[in-house]
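# Residue-level structural notes
This is what each chain is made of:
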Amino acid sequence: MKIIDLLKQDKVTFSCEIFPPKKDNAFGEVFNVVDQISAFGVDFISVTYGAGGSTSKKTVEVAAYIQNRKKVATLAHLTCIGATKKQIEQRIQDLKEQGIENIMALRGDRPLDSTTQGEYRHAVDLIREIHSNGEFCIGGACYPEGHMECDHKKKDILYLKEKVEAGCDFLTTQMFFDNNLFYNFLYKTLSAGISVPIIPGIMPIINARQVKRSCELSGATMPARFIAIADRFSDDPLAMEQAGIAYATDQIVDLIANGVKWIHLYTMNRPQTAAKILHNLSHILR
């Protein structure tokens, strides 16, 4: 099923993201994660794509397992940095052969050991390529606090509009920890004429290491309320996990209460975290 059709339904959709392992001997574990998450009744599961396509074949395999074996809609990530046109065409063909209808089109992070630009400079170039290669539902990324490499937020919104005009059917945000940033971002996108669904991406921070790493990778700012939580509970793993789940749950409740109909959870391959959050939301999502 195409994700845009799910997003048009008159209900709150809930999705999760997983990532394939880099090592083949850990491959069985990700299928166990899929089995657990699919059992929660989520609306779709997205599968990430390693830096420079390092797990690209695994992405296709895991996405096919989700869709064809578990009968859950899947969103396969595809990145273009450092890739040739031939490589991208082959990945698109691989997805077609598996019957996968949804692609998350991303530029991707440049591998640390690579200086090759490839034939695609930006995600919009990939979106155009996918759009011309079949009837895919195309997702794109957006950044409520602005892309880390963009020097001006207004320019970032213009680039985002270009993605939508190129064929992007919906957008998913980078993680954020202050819902007011998301609401302000929605206002800016609507003002710019962007009307596709924008799914808020929520990252439960359940250990102290994630706090610093999340800020470094995404450029997300931590509100004072969350900093206080991390300062108080970071030395107690169980307390920090509970507090992080409570904080993410509170974010989701606030979003739904304010009319947001779509929630995407960055699970970091921890089905138990998703389970606890879904339990907290059981009556709300029902």
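Residues numbered from 1 in each chain as written. Predicted model: local features only at pLDDT ≥ 70, side-chain atom pairs only at ≥ 80, totals over all residues. Heavy atoms only, no water.

### Quick look at the packing of aromatic side chains
Evaluated as defined, the whole model comprises five aromatic pairs. Aromatic rings pair up to connect Phe176, Phe182 and Tyr183 into one cluster. (Phe/Tyr/Trp six-rings, centres within 6.5 Å; stacked < 30°, edge-to-face > 60°.)

### Considering the pairing of strand β4 (residues 102–106)
Taking burial as the measure, the five residues of β4 include five buried ones, the bulk of the element. Neither face of β4 is left uncovered, since the one carrying Asn102, Met104 and Leu106 and the one carrying Ile103 and Ala105 both have all their residues buried. As paired strands, strand β3 (residues 73–79) and β4 are joined by four bridges and run parallel to one another. Considered in β4, the bridge of Leu78 is made with Ala105. Once the chain exits β3 it traverses helix α4 (residues 85–97) before rejoining the sheet at β4, and the crossover so formed is right-handed. (Buried < 20%, exposed > 50% of the residue type's maximum accessible area, 1.4 Å probe, protein only. Helix = DSSP H or I, 4+ residues; strand = E, 2+ residues; numbered from the N terminus. Pairing = 2+ DSSP bridges. Right-handed = clockwise from strand over helix to strand, strands pointing away.)

### A closer look at the confidence of the model for the chain
Residue-level pLDDT values for the chain average 88, and 89% of them are 70 or greater. Here helix α8 (residues 208–218) stands out as the element of the chain with the lowest mean pLDDT, 69, in contrast to strand β7 (residues 198–199), whose mean of 98 is the highest. (pLDDT = per-residue confidence, 0-100.)

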